Amino acid sequence: RVEGWREVGVRVLVAAAARAAARHHRGVRVLMCASQEHFVQVALEVKKGAAAADTSIQQISWLRVCMKCEARVFRGAQEQPGSGVCQCGEVYTHCSLGPMWSGPLFDQNFVSSVSECARELAPFLSARVPPLLNRLQEEAGTSTEL
């Protein structure tokens, strides 16, 4: 199992949604993602137009993992799967995962506005919601690179 496997699953799901949208000349922007237990939830904004579709498709790539130092780097779609040398000096012994979304998984403004709405509705929400929103805010404020 790869470290960060939940994030890998989310990124693969977002890439599939972006490819599906692109077939209909639409692009996607990730607003937020959450995974808990065996569930994944992704909120996307769908944008019209071929240019938006092209922008989304450019965010899909493969993740290359060094088997020696476990460094992770996204590689372009045109790059050969086994090519390249890792930062540790090792020629990649090629563990590639994907295709997956290489763009951001959170829109900080969206997560903040959802959290603000949740605070106003706190008496009506399940006790499980505030900890989840706190975690989303923490993750949205940090880098989500694998």
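This part is about the overall build of the protein. The helix and strand inventory of the protein stands at four helices and five strands. Starting at the N terminus and ending at the C terminus, the protein contains elements arranged as α-β-β-α-β-β-β-α-α. Nonlocal contacts in the protein, meaning residues at least 24 apart in sequence, comprise 63% of its contacts between residues at least 6 apart. Carbon and sulfur atoms make up 55% of the accessible area of the protein, which totals about 9000 Å².

In space, the three strands of this open sheet follow the order E4-E3-E5, with antiparallel pairing throughout. Edge positions in the open sheet fall to strand E4 (72-75) and strand E5 (95-101), since each of these has one partner strand only. Between one strand axis and the next, the sheet turns through 30° on average, direction left out of account. In this sheet, E5 lies alongside strand E3 (residues 60-65) in antiparallel orientation, the contact comprising five bridges. Bridging across to E5, Ile60 finds its partner in Trp101.

This part is about the layout of surface pockets. Taken as a whole, the second largest pocket encloses approximately 170 Å³ of empty space. Lining the second largest pocket are Gly27, Val28, Arg29, Val30, Lys47, Ala52, Thr55, Ser56, Gln59, Trp101, Gly103 and Pro104. At the level of secondary structure, the elements contributing two or more residues to the lining of the second largest pocket comprise strand E1 (26-36) and helix H2 (50-57). For the lining of the second largest pocket, the class distribution of residues is five nonpolar, five polar and two charged.

Before going further, it helps to examine the packing of helix H1 (residues 5-22) against H2. One can describe the packing of H1 onto H2 by two numbers: an axis separation of 9 Å at closest approach and a directional angle of 155°. Considering their axes alone, H1 and H2 lie roughly antiparallel with respect to each other. By crossing handedness, the relation of H1 to H2 is classed as left-handed. Between H1 and H2, the contacting residues are Ala18, Arg19 and Ala22 on the first element and Ala53, Ser56 and Ile57 on the second. Taken together, the residues that form the contact of H1 with H2 break down as four nonpolar, one polar and one charged.

Next up on the list: the pattern of salt bridges. Using the criterion set out here, one finds four salt bridges in the structure. For the salt bridge of Glu45 with Arg29, the shortest nitrogen-to-oxygen distance reads 2.6 Å. Taken together, the residues Glu45 in strand E2 (residues 39-48) and Arg29 in strand E1 connect sequence positions 16 residues apart. Here Glu45 falls in the partly exposed class, since its relative accessible area comes to 29%.

Conventions and cut-offs
- Residues numbered from 1 in each chain as written.
- Predicted model: local features only at pLDDT ≥ 70, side-chain atom pairs only at ≥ 80, totals over all residues.
- Heavy atoms only, no water.
- Helix = DSSP H or I, 4+ residues; strand = E, 2+ residues; numbered from the N terminus.
- Contact = heavy atoms within 4.5 Å.
- Areas by Shrake-Rupley, 256 points an atom, 1.4 Å probe, with all protein chains shown as cover.
- Pairing = 2+ DSSP bridges.
- Axes fitted to C-alpha atoms, helices over the stretch in contact; angles between N-to-C directions.
- 1 Å grid on protein atoms, 1.4 Å probe; cavity = no way out; pocket = protein on both sides within 12 Å on 5 of 7 lines; lining within 4 Å.
- Points joined across faces, edges and corners; volume = space filled by probe spheres on them.
- Nonpolar A, V, L, I, M, F, W, Y, C, P; charged D, E, K, R; others polar.
- Parallel < 35°, antiparallel > 145°, perpendicular 65-115°, else oblique.
- Left-handed = near helix turned anticlockwise from the far one by under 90°.
- Salt bridge = Lys/Arg side-chain N within 4 Å of Asp/Glu carboxyl O.
- Buried < 20%, exposed > 50% of the residue type's maximum accessible area, 1.4 Å probe, protein only.

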